[in-house]
Amino acid sequence: MEKNMVDQLSSEELEAYFSEDYLYFGDVVKPPEESDREAAAIWNLLSLRQDNQVLELGCGYGRITNRLAEKGARVTGLDISPILLKKAEADAAERRVNVEYVPGDMRSLPWRDRFDAALLWFTSFGYFDDAENERVLHEAACSLRKGGRLLIDHLNRFAWLRDKPACFVVQRDNDVRIDIVDTDALTDRINWKRIIVRDGSVRRMRFSFRQYGFPEYVRMLRDAGFDAVEAYGQDGGVFTPDGPRIVVVAHK
Ligand SMILES: C[S@@+](CC[C@H](N)C(=O)[O-])C[C@H]1O[C@@H](n2cnc3c(N)ncnc32)[C@H](O)[C@@H]1O
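Computed from a predicted model, the values in this text were never measured in an experiment.

## With respect to the overall build of the protein chain
On a plain count of helices and strands, the protein chain comes out with 10 helices and 11 strands. Against the globule reference of 18 Å for 252 residues, the protein chain gives a C-alpha radius of gyration of 17 Å, in line with a compact fold. Taking all 252 residues of the protein chain together, 36% fall into the buried category. Residue pairs in contact within the protein chain that sit at least 24 positions apart in sequence constitute 65% of those at least 6 positions apart.

Rendered as structure tokens:
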């Protein structure tokens, strides 16, 4: 189990991974129409209404936060990456929406009893060891008002283990991003080696996150202060072991 300690990421590794290269390939991985569809699904899953206060933890370059603001929510986005936050702010200005962007670490949040809803979208959970991952859920719970909802969207480990993908390649013009992935069954983590070949330069980085099954989510979320916990599939459809995603909604 000491391996878990080795695999978890430092803040520096997270910042290096979620940097300019992540941004560069962003629209290829998540085209705008897909982000539109996801924002609509999130709106329904969280039962959002106009003027609801929403917090996105790990908001990245604001592809979801800015769209939720366009739909009428009052949105706050928190992220550890200054580069992605800068892009999120520029995009919000272009879309003429008002979003509060806050640099910070999801393991320690400054808000108490404020938000109607919070989300950890597109595999933004599980980067740390179990205790710190649970701290993220606890901090999210504290940031929500009574009756608030937390949404987590993550890989479905059943489908992942069945398909056992070993390598992903994303191309933009003459540049490529290669991901070599490995699932460690003893730590239940997916470990990711990323190679960026861009403008004739090669950069390497690593990424790692924990996978949890639904009963583990229920236990962790109840310990963090949530009450009812529901499971859905991709974008709020029915959860099945074969589907690519698990979406969890917890009510405080
Ligand atoms: C996979 S991306 C998802 C971004 C966004 N939710 C989306 O759907 O496009 C995960 C995000 O979490 C951020 N992140 C990683 N560790 C963090 C931490 N400790 N605190 C806050 N944000 C963090 C990364 O910078 C990155 O933007």
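## Quick notes on unusual backbone geometry
Most peptide bonds take the trans form, and the phi angle of most residues other than glycine is negative. Of note, Asp188 is a non-glycine position whose phi angle comes to about 55°, a positive value. Its place among the elements puts Asp188 in the loop between β7 (175-184) and β8 (189-198). Residue classification places Asp188 among the partly exposed residues on the basis of 17 C-beta atoms within 10 Å. Even without being a glycine, Asp235 presents a positive backbone phi close to 55°. Along the chain, the position of Asp235 falls in the loop between β10 (229-232) and β11 (245-251). The partly exposed category is assigned to Asp235, around which 16 C-beta atoms lie within 10 Å.

## Comments concerning the nonpolar core
Residues Ile42, Val54, Leu68, Ala118, Leu150 and Leu151 are the most contacted members of the largest nonpolar core, which totals 51 residues. Residues within four places of Val54 in sequence aside, it is in contact with Leu48, Leu68, Ala73, Val75, Phe115, Asp116 and Ala117.

## Quick word on the UniProt feature "domain: Methyltransferase" (unreviewed entry) in the protein chain
Per the UniProt annotation, the sites labelled "domain: Methyltransferase" (unreviewed entry) are residues 54-148. Annotated as 36% helix and 27% strand, the span residues 54-148 places its first and last C-alpha atoms 10 Å apart.

## Digging into the site of the ligand
The full set close to the ligand counts 20 residues, and Phe18, Gly58, Gly60, Ser81 and Phe122 are the nearest of them. Here the residues of the shell around the ligand sort into 11 nonpolar, 5 polar and 4 charged.

## Topic: the pairing of strand β3 (residues 99-103)
With 5 bridges connecting them, strand β2 (residues 74-79) and β3 associate as parallel partners. When the sheet's bridge partners are listed, Leu78 is paired in β3 with Val102. Viewed along the sheet, the connection from β2 through helix α7 (residues 82-95) into β3 turns out right-handed.

## Overview of the sheet that holds β10
One open sheet accounts for 7 strands, arranged β3-β2-β1-β4-β5-β11-β10; its pairing is mixed. Strand pairing shows two members of the sheet lacking a second neighbour, β3 and β10, which therefore form its edges. Along the sheet, successive strands turn relative to each other by an average axial angle of 15°, direction set aside. Packing of helix α8 (residues 130-143) onto the sheet brings it into contact with β1 (53-57), β4 (115-120) and β5 (144-155), and relative to β5 it is tilted by some 145°. Relative to the sheet, helix α10 (residues 214-223) contacts β10 and β11, its axis offset from that of β10 by approximately 150°.

## Topic: the sheet that holds strand β6 (residues 167-172)
Judged by pairing direction, the sheet is antiparallel, and its 4 strands sit side by side in the order β6-β7-β8-β9 without closing on themselves. The sheet is open, and its two borders are formed by β6 and β9 (201-210), each paired with just one other strand. In this sheet, neighbouring strand axes are inclined to one another by 15° on average, regardless of whether the strands run parallel or antiparallel. Both β7 and β8 contribute to a ladder of 9 bridges, which runs antiparallel. Bridged to Asp184 within β8 is Arg189.

## Re α8
An ideal rise of 1.5 Å per residue puts 20 Å on 14 residues; α8 measures up with 20 Å between its terminal C-alpha atoms. Turning to α8, its buried residues number three or more, namely Asn133, Val136, Leu137, Glu139, Ala140 and Ser143. Around the axis of α8, the buried residues are gathered within 160° of arc, so they sit on the same side.

Calculation notes
- Residues numbered from 1 in each chain as written.
- Predicted model: local features only at pLDDT ≥ 70, side-chain atom pairs only at ≥ 80, totals over all residues.
- Helix = DSSP H or I, 4+ residues; strand = E, 2+ residues; numbered from the N terminus.
- Rg over C-alpha atoms; globule rule 2.2 N^0.38 Å.
- Buried ≥ 20, exposed ≤ 12 C-beta atoms within 10 Å, placed from the backbone.
- Contact = placed C-beta atoms within 7 Å.
- Core = buried A, V, L, I, M, F, W, Y, C linked by C-beta atoms within 7 Å.
- UniProt positions renumbered as here; feature names shortened; annotations may be inferred.
- Near = placed C-beta within 6 Å.
- Nonpolar A, V, L, I, M, F, W, Y, C, P; charged D, E, K, R; others polar.
- Pairing = 2+ DSSP bridges.
- Right-handed = clockwise from strand over helix to strand, strands pointing away.
- Axes fitted to C-alpha atoms, helices over the stretch in contact; angles between N-to-C directions.
- Expected span 1.5 Å × (residues − 1).
- Arc of directions from axis to C-beta.

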